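A look at the structure
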Amino acid sequence: MFQATVDDVINNFLNERVNQLTNRFDADVIAIISPMFDGLDVKIRQYIEDIIDLREGKSIPHKKNLLVILETTGGSVEVVERIVNTFRNHYDKVEFIVPSYAYSAGTVLVLSGDEIYMDNFSVLGPIDPQIRNKDGDWMPATGYLHEYNRLLETINRMNDAGQNAAAEINYLISSFSPEKLAFIEQHIQFSKNLIVDWLPVYKFKDWDITESGNNDVTNDLRNERALKIATILGDVNRWHMHGRGIGIKELTSEEIKLKIINFADNKELNTEVRMYYDVLKDYITKTAVHSVLHGTIGLNRLI
């Protein structure tokens, strides 16, 4: 006689929740709980291709929409670009649900979506691409640049006051390389460029009339709004820290004006999202898994 294990029960529960979301959004589903590390793009491409192969093998029509449930501390913007290319190669519409947080490169990924769902607990983060330090660990790029500029200002101020800044200059020379500074500036600009490229094409594609209702929305206006959002989210002096959470209230404010659906306003959707996400997070935490893909074809442990 077959006896279900705890893993079987949990996996069945999670699969049922995925089926609910699939039916609600008429979409394939992929939950990404992971940093944006090198190689994640390959794993996601394979996962998406496996979904499509499964449907073709069962002669089930290919879904045109994809629902992405995302939690990430951020990581590589290049990885994010390749993930978006994979999504858009297979799906006409991509929607994101952020039950908790999507920082840094994760924010860039979310802003590639046609629709964004958050609640009052969810946060995105400043656009702050991460780079590896000499020990191979990820570090916020704008933090490195900010510290360089702060030290440079200190040296200039000491020189203007006739003070000896030799120690500070030596530290500047030994700790900050021109190559890394150029690399960081390029990555920050790259992140902003992706947002400016993606927002008008996907998130703003159906934005045809201004909020006043008096004017048609032009491509130039879409591009201007995208640039403003990218600039505000990329302003390290405004947000002060890499892990600063930016909630739905700030994101939808008169300054940023990003249209976001609060999934908590829909009682049934809120229940479906919270039940799925909470059980998935609890399960991977207890099994000491730090990075997973889950969705239409089940669980894929990454790290």
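The structure under discussion appears in the preceding block.
Let me sum up the structure you'll find in this document. (Residues numbered from 1 in each chain as written. Predicted model: local features only at pLDDT ≥ 70, side-chain atom pairs only at ≥ 80, totals over all residues. Heavy atoms only, no water.)

**As for the nonpolar core**
As a reminder, the rule being used: The definition of a nonpolar core used throughout is a set of buried Ala, Val, Leu, Ile, Met, Phe, Trp, Tyr and Cys residues joined through side-chain atoms within 4.5 Å. When a residue's accessible area, from a 1.4 Å probe over protein chains only, is under 20% of the maximum for its type it is buried; when over 50% it is exposed; and in between it is partly exposed. In what follows, a contact means two residues having at least one pair of non-hydrogen atoms within 4.5 Å.
Formed by 55 residues in total, the largest nonpolar core has its most connected members in Ile32, Leu40 and Phe87. Excluding residues within four positions of it along the chain, Phe87 makes contact with Ile32, Ile44, Ile48, Leu66, Val68, Val94, Phe96 and Leu109. Listed in part, the 21 residues of the second largest apolar core include Ile97, Val273, Leu280 and Tyr283.

**Here's the deal with the sheet that holds strand β5 (residues 115-118)**
Note the threshold: DSSP calls a pair of strands paired once it identifies at least 2 bridges connecting them. Secondary structure is summarised from DSSP: a helix means a run of H or I of at least four residues, a strand means a run of E of at least two, and numbering begins at the N terminus for each. Here, axes are lines fitted to C-alpha atoms. For helices the fit covers the stretch in contact, and angles between N-to-C directions go from 0 to 180 degrees.
Spatially, seven strands are ordered β10-β5-β3-β2-β1-β11-β12 in an open sheet, and the strand pairing comes out mixed. Every other strand in the sheet has two partners, leaving β10 (261-262) and β12 (298-301) as the edge strands with one partner each. Contacts between helix α2 (residues 40-57) and the sheet are confined to β1 (28-33), β2 (65-71), β11 (292-295) and β12, with β1 contributing the most and set at about 160 degrees to the helix.

**A few points about the packing of α2 against helix α3 (residues 77-90)**
To keep things clear, this is the line we draw: For this classification, under 35 degrees means roughly parallel, over 145 means roughly antiparallel, 65 to 115 means roughly perpendicular, and everything else is oblique. Take the far helix as your reference; a near helix turned counterclockwise from it by less than a right angle gives a left-handed crossing, and one turned clockwise gives a right-handed crossing. The nonpolar class holds Ala, Val, Leu, Ile, Met, Phe, Trp, Tyr, Cys and Pro. Asp, Glu, Lys and Arg form the charged class, and all remaining residues, Gly among them, are polar.
Running from N to C, α2 and α3 point in directions that differ by 15 degrees, and their axes come no closer than 9 Å. Viewed along their axes, α2 and α3 adopt a mutual orientation that is roughly parallel. Where α2 crosses over α3, the two elements pack in a sense that is right-handed. Contact residues: α2 offers Leu40, Asp41, Ile44, Arg45, Ile48, Glu49 and Ile52, while α3 offers Val79, Arg82, Ile83, Thr86, Phe87 and His90. Among the residues forming the contact of α2 with α3, the class breakdown is seven nonpolar, two polar and four charged.

**Remarks on the pairing of β12**
Examined bridge by bridge, β11 and β12 share four bridges and lie antiparallel to one another. Looking at β12, one finds that His294 is bridged to Leu299. A loop of two residues connects β11 with β12, the two strands running antiparallel in sequence.

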